[in-house]
Amino acid sequence: MTRAASEALTKASRRAGLGASAAQPVSVTADPPRDCPACPRLAAFRDQWRLAEPGWFNAPVPTFAAPDETVALLVVGLAPGLRGANRTGRPFTGDYAGDLLYATLTARGLARGRFAASPDDGLQLVRSAITNAVRCVPPENKPTGAEIAACRPWLAATIARFPALVAMVALGRVAHETVLSAAGLPRARAPFSHGGEHDLPGGIRLFDSYHCSRYNTNTGRLTEPMFHAVFDRVVQHIGPA
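What this report covers is the structure whose coordinates are included nearby. What you see as residue numbers is a count from 1 along each chain, following the sequence as written. In view of the model being predicted, local features appear only for residues whose pLDDT reaches at least 70, and side-chain atom pairs are presented and counted only at 80 or more, with totals across whole chains, interfaces and linings using the full set of residues. Hydrogens are left out, water is left out, and the side-chain values use all remaining heavy atoms of the structure.

1. Some words on the nonpolar core
Side chains of a nonpolar character, in soluble globular proteins, are inclined to be buried together.
At step 1: Core analysis: the largest hydrophobic core is formed by 49 residues, its most contacted members being L73, L101, L105, M168, C212 and F231.
At step 2: Helix and strand definitions follow DSSP, with helices as H or I runs of at least four residues and strands as E runs of at least two, each counted in order from the N terminus. Going through the elements one at a time, β2 (73–77), α4 (96–107), β5 (128–132), α5 (145–161), β6 (167–171), α6 (173–182), β8 (204–209) and α8 (224–238) are the ones with two or more residues in this core.
At step 3: If sequence neighbours within four positions are ignored, L73 has contacts with L105, L110, R127, S128, A129, L165, A167, M168, V169, F231 and V234.
At step 4: By size, the runner-up hydrophobic cluster in this structure holds 7 residues, among which are C39, A79, V134 and I148. Among the buried residues, those of types Ala, Val, Leu, Ile, Met, Phe, Trp, Tyr and Cys that are joined through side-chain atoms within 4.5 Å form a nonpolar core. Accessibility here uses a 1.4 Å probe with only protein chains present; expressed as a share of the type maximum, an area under 20% marks a residue as buried, one over 50% as exposed, and anything in between as partly exposed. Contacts between residues were defined by any pair of non-hydrogen atoms, one from each residue, lying within 4.5 Å.

Listed below in structure tokens is the structure:
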């Protein structure tokens, strides 16, 4: 993404009321601080689990990424799982959703190494990055609308962080809708559907998928071939390295 496109995206997020007037100023390289106070309910839940499990990460989970200048794909999930990313400190690490996501990325040359559901397993992303719409774990994995909005400036900053970004995958409706809001686009212009594709400002294409949760795969709402098909389209779109 060009500098001009990055600036346009940041302006769009500010027009939507998502700029730096919140507790934390927005930087294009920033993740939320470890003790982010933006969402009182999430901060209280985070503190509760710091007491219960002091060895866990228990903080806003930062984006996991290849070198910034190489990233062509950004995957956006919903929020850290309590015993997954909230425990390990890396997106989609420690629960079933990560097993499917990282296997899919590795098979398509977008990750390399051995995924062992641990942040020290040596896995590396290639031309890709992974983040969440909400960076802190929410009770019952259900962030409120206000919490999604409070975290959106960091999503906009993350999008702007990658100058070569040309594709995004939204895992689920919430991720899809907050990406649209970060880009300043109305939801009606780009409704969510599995396998859907939408053009965003700055030459970025948004690809939609049902979330790769165990619930969705166990119920058959999402099958591995369905998930793989989305990423096959992504690879076609971003082209060779």
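More follows now that the structure is in view.
2. Section: the packing of α4 against α8
At step 1: It is at 10 Å that the axes of α4 and α8 come closest, and there the two elements cross at 45°. Here α4 is positioned oblique relative to α8, judged by the angle of their axes. Crossing angle aside, the handedness with which α4 passes α8 is right-handed. Contact residues: α4 offers Y96, L100, L101, T104 and L105, while α8 offers E224, F227, H228 and F231.
At step 2: The class makeup of the residues in the contact of α4 with α8 is 6 nonpolar, 2 polar and 1 charged. Structural elements are reduced to axes, namely lines fitted to C-alpha atoms, with helices fitted over the stretch in contact, and the angle between N-to-C directions of any two is expressed from 0 to 180 degrees. For this classification, under 35 degrees means roughly parallel, over 145 means roughly antiparallel, 65 to 115 means roughly perpendicular, and everything else is oblique. Take the far helix as the reference: if the near one is turned anticlockwise from it by less than a right angle, the crossing is left-handed, and if turned clockwise, right-handed. Side-chain classes are defined by residue name, with Ala, Val, Leu, Ile, Met, Phe, Trp, Tyr, Cys and Pro counting as nonpolar, Asp, Glu, Lys and Arg as charged, and the others, Gly among them, as polar.

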